[in-house]
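# Commentary on secondary and tertiary structure
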Amino acid sequence: MIKIILRRSSPLLILLVFGVAAALLISTKEAPEQKEDEVPVPIIDVTRVEQKTVSLNLSSYGIVTPKNKTLLVTEVQGRMLTIAPNFVAGGVVKKGEKLAVIEPSDYEADLMQAQASLAQAEAALEEEVARGEVAKNDWQGFDGGIPPELGLRLPQLKKEQANVKFQQAALARAQRNLERTIIRAPFDGIIKSRIVDLGQYVTLGTNLGELYDTRIAEIRLPVTNNDLAYLESVDNPNTLVTLSASLAGKDVTWIGTIVRSEGVIDAENRMVYLVAEIKDPYLRKNRKEGQFPLKYGSFVTAVIKGRTVDGIVQLPRHLVRNGHVAVVSSDNVIEIREVNVVRTDIDSVYIKDSLLDGERISLTKLNNMSTGQVVKILGEMQKNDTGADTPDSETKEQRLASAGEH
């Protein structure tokens, strides 16, 4: 009976023994050593601050236009008799050059009539002067007191004198009208357009064409109202401006002068316009080899010379984020510092009174960069365990990749 009980309970006893043994093993097992997770130190590249004296130049753009342009209109009427070969679009003309001639026959006849009328009036005046002398001698033979003006023919004399002046004015008018049959260039220029043809009948005030002055070119350059603070003088700028454009596949520059500010803020774009002038843009007076004319209608970019300021730090725009830069201390700790940005342009930011000479600025963009963060500097030597200076085993490419990951 006992054997039967032992045989049937033996599996339970075996399980109990193994359970006790497992419990003893678990209770005597040593806990694994806990190690803190190592946070990798990012590797960055830096640049050193250098304060400079810079000109805070202004950038702008504009279209080249003539300072003076005029519509050539007729002051007399008649049929177009001749048209000069240069009187075509693009023709270059000089001041006083004959451009066209209106049929002058009627005005030549008017001139001859005016000359004849003046001669008659002068003859009548001489005759009246003689009659006055005769009347004066006649009155001297009488002892009748002071002779009357009518007796001395003074009113008749004044009438003839006025008639002579009238005929002189008529002659001058006839001479001017005859001269106006010849259309001349009022200044050195280039013909923008011609809208009359040979044989066409023109009346008083007919538009013949448009002439652009080639002596001085103007360019209106828009700048913001705040940018005016960078000029030496707002009311009288008188500063240099460099204009550039692409002509015939080449980048060409011209030097001009800012002569004035229009002094009004444009209601549409809220900009103030400065006016630049270029003398002899078509190089008609003095042209050197390799020079290109500045043609009207060209689109140009402009760099306007601004005030010269000391102690300016110039940094690429991408290094300044929301008015802050990452400064790296001598012990390689990041400081996110707010800086005084005095001006920005397309490529650079100009900072004053915020950074010292020799301070280091991070060139590497790290995610979640914050003040107090410890970094390694690309290219610096690291101390090994024995105290010797050894270069980092990572290559520059590996370090940059590691910095990008962090």
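About the cut-offs
- Residues numbered from 1 in each chain as written.
- Predicted model: local features only at pLDDT ≥ 70, side-chain atom pairs only at ≥ 80, totals over all residues.
- Heavy atoms only, no water.
- UniProt positions renumbered as here; feature names shortened; annotations may be inferred.
- Pairing = 2+ DSSP bridges.
- Helix = DSSP H or I, 4+ residues; strand = E, 2+ residues; numbered from the N terminus.
- Axes fitted to C-alpha atoms, helices over the stretch in contact; angles between N-to-C directions.
- Phe/Tyr/Trp six-rings, centres within 6.5 Å; stacked < 30°, edge-to-face > 60°.
- Buried < 20%, exposed > 50% of the residue type's maximum accessible area, 1.4 Å probe, protein only.
- Lys NZ or Arg CZ within 6 Å of the ring centre and 35° of its normal.

- The name given to the protein chain in an unreviewed UniProt entry is CzcB-like barrel-sandwich hybrid domain-containing protein, with Shewanella benthica KT99 as the source organism.
- Checking UniProt for the protein chain, the heading Sequence similarities (unreviewed entry) contains the comment "Belongs to the membrane fusion protein (MFP) (TC 8.A.1) family."

### Some remarks on the sheet that holds strand β14 (residues 239–247)
- Spatially, β4-β13-β16-β15-β14-β17 is the arrangement adopted by the 6 strands of the closed barrel, whose pairing is antiparallel. Across this sheet, the average inter-strand angle for adjacent strands is 40°, counted without regard to direction.
- Summarising the sheet, strand β15 (residues 250–265) and strand β16 (residues 271–279) pair through 5 bridges and their orientation is antiparallel. Bridging from a neighbouring strand, Arg 260 pairs with Val 275 of β16.

### Brief notes about the packing of aromatic side chains
- According to the stated counting rule, one finds 3 aromatic pairs in the structure shown.
- Residues Tyr 282 and Tyr 296 carry aromatic rings whose centres are separated by 5.2 Å and whose planes lie at 65° to one another, so their mutual orientation is edge-to-face. Residue Tyr 282 is located in the loop between β16 and β17 (299–304), and its partner Tyr 296 is located in the loop between β16 and β17; the two are separated by 14 residues in the primary sequence. In terms of burial, Tyr 282 and Tyr 296 fall into one category: buried.
- Among the aromatic residues, those joined into a ring-pair cluster are Tyr 212, Tyr 282 and Tyr 296.
- A cation sits over an aromatic face here: Arg 194 above Phe 87, 6.0 Å from the ring centre.
- Taking the ring centre of Tyr 273 as reference, the NZ or CZ of Arg 220 above it sits at 4.0 Å.

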